[in-house]
2 protein chains.
Amino acid sequence: MVLRAMQHMERIKKGEKLPFNSLIFCNIGNPQELQQQPITFFRQVAALINYPQIITEQPELVKQLYPSDVIERVQKYLARIPGGIGAYTHSQGIECIREEVAHYISTRDGGIPASSSDIFLTDGASPGVQATLKSMIRDHNDAVMVPIPQYPLYSASIALFGGTMVNYYLEEANNWSLNVHELERSIQQAKKQNLTVRAIVIINPGNPTGNTLSETNMKDIVKFASKHNLVLLADEVYQENIWTNKHPWVSFKKVAVELGLIDPKDTHTNKGLQLISFHSTSKGYTGECGRRGGYMELCGFDEGVRLELYKLASISLCSNTAGQIMVGLMTNPPKPGDFSYKLYIQERDNILSSLKRRAQKLENAFNKLEGVSCQPAEGALYAFPQITLPVKAVEAAKKAGKAPDAFYCLALLDATGIVVVPGSGFGQRDGTFHFRSTILPPEHLLDGVISRMSTFHAQFMKQYK
Amino acid sequence: MVLRAMQHMERIKKGEKLPFNSLIFCNIGNPQELQQQPITFFRQVAALINYPQIITEQPELVKQLYPSDVIERVQKYLARIPGGIGAYTHSQGIECIREEVAHYISTRDGGIPASSSDIFLTDGASPGVQATLKSMIRDHNDAVMVPIPQYPLYSASIALFGGTMVNYYLEEANNWSLNVHELERSIQQAKKQNLTVRAIVIINPGNPTGNTLSETNMKDIVKFASKHNLVLLADEVYQENIWTNKHPWVSFKKVAVELGLIDPKDTHTNKGLQLISFHSTSKGYTGECGRRGGYMELCGFDEGVRLELYKLASISLCSNTAGQIMVGLMTNPPKPGDFSYKLYIQERDNILSSLKRRAQKLENAFNKLEGVSCQPAEGALYAFPQITLPVKAVEAAKKAGKAPDAFYCLALLDATGIVVVPGSGFGQRDGTFHFRSTILPPEHLLDGVISRMSTFHAQFMKQYK
């Protein structure tokens, strides 16, 4: 898909006439590429901390360019970062930023304590996920339960490390929720194959599904992981991207603490659940994908595991400082009373409310298309509609040597310049076809995108009826 | 060592009296932690590219803070980076920066062509090394030849990926040069064990040894790798850190091209040698370790291998943009005629000439110590002296359950606050003992460091005589 899109771009550059003038990349959650503006305070700190000597050398100019709380934050960081941001940091990450993360988690979870020693700062969420998978997979008998559909980081990493992926299917008809009977079916089947299931991955809000889990559902999952002694890998990178009013987002840590399966005052002992939660600067309203900023929090692991993960991190020395700083800013944004607070809140709320409107608009638009059904876009940056393809389209796809959903998505791309990802890239129940579209096209372009998609879809359905 | 050093730091903070007031970290090549100043132009671009809207919003202020070539560079980058530095980039790295890298390599190698499509930008050199090792190691029968002593990234990564490390020993008496007979001995022994040797690692300038290879020696190595069909992994991260006047630094690519084993006009075909060269923003005079910026260049690999490495990179989406930008700046610094050129040259030369003086001073100082012999510090950021320890010291170490060189280094730390790394951390011939010290203590502190070390050493030798 991306390769074909690039070819189209080249052709447009060369002046060739195509049915569209520009490509719209709805294939990847990359907000700033689609004109989402960064948070000013975050960028001001990121700028000044790269060239901080001007604070003393040109104080008047600096005050004209940067608000006081930006200057203070830079000075606060530099006082705690030996050598500045050009030096290697602690392999677990800069301590004062891990303290900001711990404070953020604790506040988010209604006061449940969190400790900076449980936090690892990582180059985005992906390397954290990979490190924990790597540490759990000894050979192909070690298995990890992964939802279908899933974000391909999981399938790719498990394959890379030589483990086995055990599928469990989300219930599409029930808004992609998680059914414990399905989890039991899945683990029993794995056990029959003599696999050692070591962990279960949950993505909440869901990618590619855009669902959010209810707290009841989460309790069941936590009990299931605890019962089967599975590490719960909680991919919570979309925790700020909540569009539903049905229930607030709750962390797996909070749910497990309330069930008594994690003791936040003694996180170095397994009290029933071992949990690793991942977060990132790439999503939410921060949208700073290119930074590669992220963290993971460990709960219920003894010191030995922590040390192994530390050793693993130290092979590559440390995660990048720009990403670490962005994690600090994301988890400790301006507070009421700070100079930058008002602007920060305005920018944050504009981004989130616009994303919410776009999520609903896309969901509605998809549901209006013939043979398309889209579950509520409750969170994350995606909609994942199911398409019932005409038999003739499936046959034409077979003839072309393509998966039917890929066939549809390529036709969409060729006709409209809109890039989405076929469901087969994430996994789906046999015989069903989906695609994932981000909700990220800029709001002033969204009606156009929807109209191009709808026209294409009607023609496609007519052609293969 | 580091743990003990941290404990000492805590004790000093608490006001406890120790034989020293501060610690000196000579254990890691982390220049900016030891007061090396960043290059101003690099930091100005890094700052402004984080907050570029002020170029249009506050043009007068910006001109007072930033030279014209800084502003131009930022605009040049942003014109080529869709979405700015907050967006994911191409998984191989931002194209215009890969072009800068290719141009740098070509200029460095006297005009031998280089192509941006052969370049992968990485989060420092380490992830590049890890990706290539990962792609070559299928199981423990796949082996990689690694010099002893070596930088532990190699041993740790090979172990992590389940491969086998095959040692070859550098010739200490011959300034840590590489003897082809030793390479042959090493590979024949591996073959007797039915190992498939797939690659050979060369670190030039050497880490921890601080040597540089002669071109004759490099030719022998290239022929050896070619003869045995080994991928040559050239760790060339210290290519700017050359202190010897004996010979200039030459890249393995240039040597291989001159031998006709790489065709720079057709790097996608194996013409006799497959080479991957690694470089980093962490060393040289850039010293920006915390950025995690680096690149690798592939020569002699077909498109399939390239695509596999691209897929591997794309699992984690891309390397961090701050590191990528720093790679661009390192490889394309200000040129004659640019506003920032004079300051840049002055800063660069100050750093390099000071490092050179420090390398020589430390080498001389080590060679004056009883029972210590230090090979010429010809390059990189390290000296790696051998210590002949008294029998009683070896016995005392055994009693304490420590390796003798670790015993010596801990005693040095406890007496002086100076942190170095025992030779056993890098590997050394049985029965020999070494330690690695960086040459990085600030110049105004170096005499004090040497005097503390010398006093300690005399006392240690006296105690165990």
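Residues numbered from 1 in each chain as written. Chains lettered and ligands numbered in written order. Predicted model: local features only at pLDDT ≥ 70, side-chain atom pairs only at ≥ 80, totals over all residues.

What to know about the pairing of strand β7 (residues 274–280) of chain B
All names here are of chain B. Which entries qualify depends on this criterion: Labels follow a simple rule on C-beta atoms placed from the backbone: if 20 or more others lie within 10 Å of a residue's own, it is buried; if 12 or fewer, it is exposed; otherwise it is partly exposed. Numbering of helices and strands runs from the N terminus, with a helix taken as a DSSP run of H or I at least four residues long and a strand as a DSSP run of E at least two residues long. For two strands to be treated as a pair, DSSP must find no fewer than two bridges joining them. Whether a crossover is right-handed comes down to one check: with the strands pointing away from the viewer, does the path from the first strand over the helix to the second run clockwise; if it does, it is right-handed.
Within β7, seven of the seven residues are buried, which leaves the element mostly enclosed by the surrounding structure. Judged from the five bridges that link them, strand β6 (residues 231–235) and β7 form a sheet pairing that is parallel. Residue pairing for β7: D235 is matched across the bridge by F278. Handedness of the crossover joining β6 and β7 through helix α11 (residues 252–258): right-handed.

Concerning the domain arrangement of chain A
Residue and element names in this part refer to chain A. Filter applied, for reference: Where each domain starts and ends follows an automatic or database-derived domain assignment. Two residues form a contact once the distance between their C-beta atoms, set from the backbone, is within 7 Å. Only Asp, Glu, Lys and Arg are considered charged in this grouping, and only Ala, Val, Leu, Ile, Met, Phe, Trp, Tyr, Cys and Pro are considered nonpolar; every other residue, Gly among them, is considered polar.
By domain assignment, chain A separates into domain 1 (2–34 + 352–463) and domain 2 (88–331). Listed per partner, the contact involves 27 residues of domain 1 and 26 residues of domain 2. For the side of domain 1 that touches domain 2, the secondary-structure elements that each account for two or more residues are α14 (341–368) and β10 (382–383). The element best represented in the side of domain 1 that touches domain 2 is α14, accounting for five residues. When grouped by side-chain class, the residues that make up the side of domain 1 that touches domain 2 number 12 nonpolar, 11 polar and four charged.

Let's talk about the relation of the copies chain B and chain A
The criterion, for reference: Only residues with pLDDT of at least 70 in both copies contribute their C-alpha atoms to the least-squares superposition of the copies.
Rotating chain B by 180 degrees and moving it 0.0 Å along the rotation axis overlays it on chain A with an RMSD of 0.0 Å. Both copies are brought into coincidence by an operation consistent with a two-fold rotation axis. For chain B, the smallest separation between a C-alpha atom and the rotation axis is recorded for A47(B), amounting to 2.0 Å. Same-surface contact between copies: 100% of interface residues of chain B are shared with the interface of chain A.

Quick notes on the interface of chain B and chain A
In this complex, chain B contributes 45 residues to the contact, which on the side of chain A involves 45 residues. Put simply, the parts of the chain that give the side of chain B that touches chain A at least two residues each are α2 (40–48), α4 (59–65), α7 (125–136), α8 (152–160) and α13 (321–331) of chain B. Considering each element in turn, the side of chain B that touches chain A owes the most residues, five residues, to α2(B). Its residues placed into classes, the side of chain B that touches chain A shows 20 nonpolar, 19 polar and six charged.

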